[in-house]
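# Examining the three-dimensional arrangement
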Amino acid sequence: MDKAAVRQAVTLDPAWVAELRVQWTALMEMAVWGEVKSSRMGAATRMRKRLLDVGEKLRSLAADRDWIPHPREQVKNALGSAFSLKDALLQFERAAQDMDGGTDCAVFGARAVQLHQSLLARLPELENTWAALLDSQYLDEDTDD
């Protein structure tokens, strides 16, 4: 694998990361300090934990991978981070469906949708790029014979 191509592929657009960070932070602040409630006992706490997990997975996706010595492992790490983030987002969205009251509930829902759309606007393309890089490794091995 070409190290420069891998570095470029696993380095995310800083503007996109900053946008996601702002959206997640606003959502987290609203989840903790806003008037977002649920008629189900414990649902708000569960939703906050799921949202925190989304933030941790988002941070993992955006992390620098230079510490990983092998380019292939950098790509696998990025792809794994993307899958973990999508799973965490799904778990959060399921938990957020229980939020059914409070003056900020509608805004909270809209912000959750916005985060989802912002993530999925670019994440599938990145996943495809990373998967193609991994596939190219096997194609290169086949041509070496």
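Look up a bit, the structure's there.
Residues numbered from 1 in each chain as written. Predicted model: local features only at pLDDT ≥ 70, side-chain atom pairs only at ≥ 80, totals over all residues. Heavy atoms only, no water.

## Overview of the overall build of the protein
Each helix and strand counted, the protein has five helices and zero strands in total. For the C-alpha atoms alone, the extent of the protein along its principal axes is close to 65 × 25 × 25 Å. Counting every position in the protein, which comprises 145 residues, the buried fraction comes to 37%. Considering only residue pairs separated by 6 or more positions, the protein has 85% of its internal contacts joining residues 24 or more positions apart. Accessible surface computed for the protein: about 8,700 Å², of which carbon and sulfur atoms make up 53%. The centroid of the 18 positive side-chain charges in the protein is displaced by 9 Å from the centroid of its 23 negative side-chain charges. (Helix = DSSP H or I, 4+ residues; strand = E, 2+ residues; numbered from the N terminus. Buried < 20%, exposed > 50% of the residue type's maximum accessible area, 1.4 Å probe, protein only. Contact = heavy atoms within 4.5 Å. Areas by Shrake-Rupley, 256 points an atom, 1.4 Å probe, with all protein chains shown as cover. Lys, Arg positive; Asp, Glu negative; His and termini not counted. Charge placed at Lys NZ, Arg CZ, Asp CG, Glu CD.)

## With respect to the nonpolar core
The nonpolar side chains of a soluble globular protein tend to be buried, and buried together. Ranked by internal contacts, the top residues of the largest apolar core, which has 40 residues, are F92, F108 and W130. Among the elements of the structure, helix 1 (3–10), helix 2 (14–33), helix 3 (43–62), helix 4 (71–96) and helix 5 (105–144) are those that each provide at least two residues to this core. (Core = buried A, V, L, I, M, F, W, Y, C linked by side-chain atoms within 4.5 Å.)

## Re the packing of aromatic side chains
Tallying each qualifying case throughout the model produces one aromatic pair. Pairing F92 with F108 gives two aromatic rings, centres 6.2 Å apart and planes at 75°, and the pair type is edge-to-face. Pair noted here: F92 is in helix 4 and F108 is in helix 5, with a separation of 16 residues, a long-range link. Using a relative accessible area of 0% as the deciding quantity, one classes F92 as buried. For F108, a relative accessible area of 2% puts it in the buried group. (Phe/Tyr/Trp six-rings, centres within 6.5 Å; stacked < 30°, edge-to-face > 60°.)

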